[in-house]
Amino acid sequence: MKKIIAIGGSNSKKSINKTLATYAANQIKDTEIVVIDLNDFNLPQYGIDLETEKGIPEDANRLNEMIASADGLVVSLAEHNGSYATAFKNAYDWLSRINQKVWKNKPMLLMATSPGGRGGATVLQGAKTSFPYMGANIIADFSLPSFYDNFSENKISNEELSTELDGKIRLFEKAI
């Protein structure tokens, strides 16, 4: 059985990106889904002085091992002021100190959503550009605009967007 890691790039307890990543991962047949909640990892704010003094936190190593154990990654990024949410960026920074190829060339479905009409398009574009340098094998990407208008009853309610995501999920599924 294939193992999929779903990550919502936010530490919000009601993260719409974790909801989207979990939803997408659960559409993949015959897989074990592990949902990563960034709140479950005690990661102090990254800094070279802290790393030099105390080393890599145990939870950063645990997160790294979880990613390494996966057959595929479903990542949905929150957008804060056009970039990554602080909790995600901090985890990403710690992971890069363990191995610069953070994503370990695992097949990835990369997504973003937001309450607004652009659906996290800016952070998604930035990740599409930079993640491959950090070992991402991006198979497909998807942006869900206006989350609260287009996602209800635990599914994408907009038929056109649902069909688009389904196609992206099938591409990802073939790659794992």
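As a reminder, the structure under discussion sits directly above these lines.
Just so it is clear, the structure is predicted and the values come from calculations on it, not from any experiment. The residue count restarts for each chain, going from 1 along the sequence in the order it is written. Since the coordinates come from a predicted model, pLDDT governs what is reported: local features require at least 70, and pairs of side-chain atoms require 80 or more to be given and counted, while whole-chain, interface and lining totals use all residues. Heavy atoms throughout the structure, all of them, feed into the side-chain values; hydrogens and water do not.

(A) View of the sheet that holds strand 2 (residues 31–36). In this scheme, strands are said to pair when DSSP sees at least two bridges between them. Helix and strand definitions here come from DSSP, where helices need a minimum of 4 consecutive H or I residues and strands a minimum of 2 consecutive E residues; each element is numbered from the N-terminal end. Here 5 strands make up an open sheet; going across it, the order is 2-1-3-6-7 and the pairing parallel. Whereas interior strands pair on both sides, the edge strands pair on one side only; in this sheet they are strand 2 and strand 7 (137–144). Strand after strand, the sheet turns through a mean of 20° between neighbouring axes, direction not considered. Pairing geometry for strand 3 (residues 72–77) and strand 6 (residues 107–113), over 5 bridges, is parallel. When the bridges of strand 6 are listed, Leu73 appears paired with Met108. Lines are fitted to the C-alpha atoms to define the axes, a helix being fitted only along its stretch in contact, and any angle between axes, read from their N-to-C directions, falls within 0 to 180 degrees.

(B) Fine view of the packing of aromatic side chains. Stacked, tilted and edge-to-face are the three classes assigned to paired rings of Phe, Tyr and Trp, where Trp is represented by its six-membered ring and a pair needs centres within 6.5 Å; plane angles under 30 degrees give stacked, over 60 edge-to-face, the rest tilted. Tallying each qualifying case throughout the model produces 13 aromatic pairs. With a centroid separation of 6.4 Å and an interplanar angle of 10°, the aromatic rings of Phe88 and Trp103 are classed as stacked. Here Trp103 lies in the loop between helix 4 (86–98) and strand 6 and Phe88 lies in helix 4, a separation of 15 residues in the sequence. A single burial state applies to Phe88 and to Trp103, both of which are buried. Between Tyr92 and Phe131, the aromatic rings sit 5.3 Å apart at their centres with planes inclined by 45°, giving tilted as the arrangement. Within this pair, whereas Tyr92 is found in helix 4, its partner Phe131 is found in the loop between helix 5 (121–130) and strand 7, the two being separated by 39 residues in sequence. The rule is simple: take the accessible area with a 1.4 Å probe, protein chains only, and divide by the maximum for that residue type; under 20% is buried, over 50% is exposed, in between is partly exposed. Residue Phe131 is classed as buried on the basis of its relative accessible area of 0%. Pairwise contacts between aromatic rings join Tyr84, Phe88, Tyr92, Trp103 and Phe131 into one cluster.

(C) The arrangement of unusual backbone geometry in detail. One non-glycine residue, Asp30, adopts positive backbone phi at about 55°. Relative to the helices and strands, Asp30 is located in the loop between helix 1 (16–25) and strand 2. For Asp30, a relative accessible area of 65% corresponds to the exposed category. A positive phi is found at Asn154, a non-glycine position, where the angle reads about 60°. Within the secondary structure, Asn154 is located in the loop between strand 8 (151–152) and strand 9 (155–156).

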